[in-house]
Every structure is written in structure tokens, then in C-alpha cells.
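Read off the chains here:
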Amino acid sequence: MRRTPPPAGNTATPPPQATGWKRVLLRVLAVVALGVALVGVVTPGLPTTEFVLLSAWAAARSSPRLHAWILRHRVLGPLLANWQAGKLPRRAKWAATCTMTLAGTFSAIAIPHRPSAVIVVSIMACVLAWLWTRPEP
């Protein structure tokens, strides 16, 4: 008996498509998150990657056409490809480090309850440690 090789590329099954109101709400979420992500590309301090991931997730469940467009986009597509490969660009690591340092400093100054401030800064430090252990593309 002859065995055929598996198909090349991504063989994962696509997520199930939502129906009715759920599909409409997911599509709205995908478009709004995509809009915020595109603004974040040119606005310092506004994250882009998180909104691209949210938009791709919602689009995969509501609009295959929008999802395919996001994956093919020249700016957003590489972000998703790196994320799916488990890689994080050094620029993103430094942006996260600077942003979390500012947020941690602000938290330490503005939160009067010291144990809460320590918890917030500790969580940020753990996330940064995890980020810096991710491979780079």
C-alpha cells in the first residue's frame, strides 16, 4: 500500500465559524481591533501587536476574507507570522520594556497601597522576563 505524504504548509483546521449575532459581534470586534492596531502602528505608546492578534482571532471566526487580508498585509502579516512561530522581534521587546518601565514607575508612585504596587511591578517583571526569553526572528 502506497502512503501519500501530508500536504505542505499549515495543516491546522480552521476555527469554527460563528453564526448569527455572534458572527456580527466578532466581525465588529475584528474591525475595531484592526483599526486600533493600524493607529498603533504610527502612534507611540499605543500597542499594535495585541490588537492585531485580537483582530485576527475574531476575523478567523467571523470573516475568512478579512482574516486572509490580515495575514497577507505587508505590515500586520509579519507580526502574526512571528507570533505563530513563537518569535518576538527585538524592537518589540524593547518597546515592551520601555512601556512597562514607565507603567511600573507610575504605579509605584501613584498606587498608595504598597503591596498592590509591588504585585503590579512584580507581574510586569515576570512578563518582561518571559518576553526576553522568546527567540527572535
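Provided above is the structure to which this section pertains.
Residues numbered from 1 in each chain as written. Predicted model: local features only at pLDDT ≥ 70, side-chain atom pairs only at ≥ 80, totals over all residues. Heavy atoms only, no water.

Observations regarding the environment of L34
Here is step 1: If you trace the backbone, L34 turns up in helix α1 (residues 20–42).
Here is step 2: Between the alpha carbons of L34 and T48 there is a distance of 8.9 Å; along the sequence they are 14 residues apart.
Here is step 3: Leaving out residues up to four positions away in the same chain, L34 has contacts with S55, L66, W69, I70 and L76. (Helix = DSSP H or I, 4+ residues; strand = E, 2+ residues; numbered from the N terminus. Contact = heavy atoms within 4.5 Å.)

Looking at the packing of aromatic side chains
Here is step 1: Scanning the model with the defined rule gives one aromatic pair in all.
Here is step 2: Between W94 and W132, the aromatic rings sit 5.1 Å apart at their centres with planes inclined by 75 degrees, giving edge-to-face as the arrangement. Of the two residues, W94 is situated in helix α5 (residues 90–110) and W132 in helix α6 (residues 114–133); the sequence distance between them amounts to 38 residues. (Phe/Tyr/Trp six-rings, centres within 6.5 Å; stacked < 30°, edge-to-face > 60°.)

Side note on the nonpolar core
The nonpolar side chains of a soluble globular protein tend to be buried with one another.
Here is step 1: In this structure, A30, L34, V52, A59, L66, I70 and L80 are the most contacted members of the largest nonpolar core, which totals 13 residues.
Here is step 2: Put simply, the parts of the chain that give this core at least two residues each are α1, α2 (49–62), α3 (64–72) and α4 (76–84).
Here is step 3: Among all residues touching L80, those that are not within four sequence positions of it are V52, L53, A56, I70 and L71. (Core = buried A, V, L, I, M, F, W, Y, C linked by side-chain atoms within 4.5 Å. Buried < 20%, exposed > 50% of the residue type's maximum accessible area, 1.4 Å probe, protein only.)

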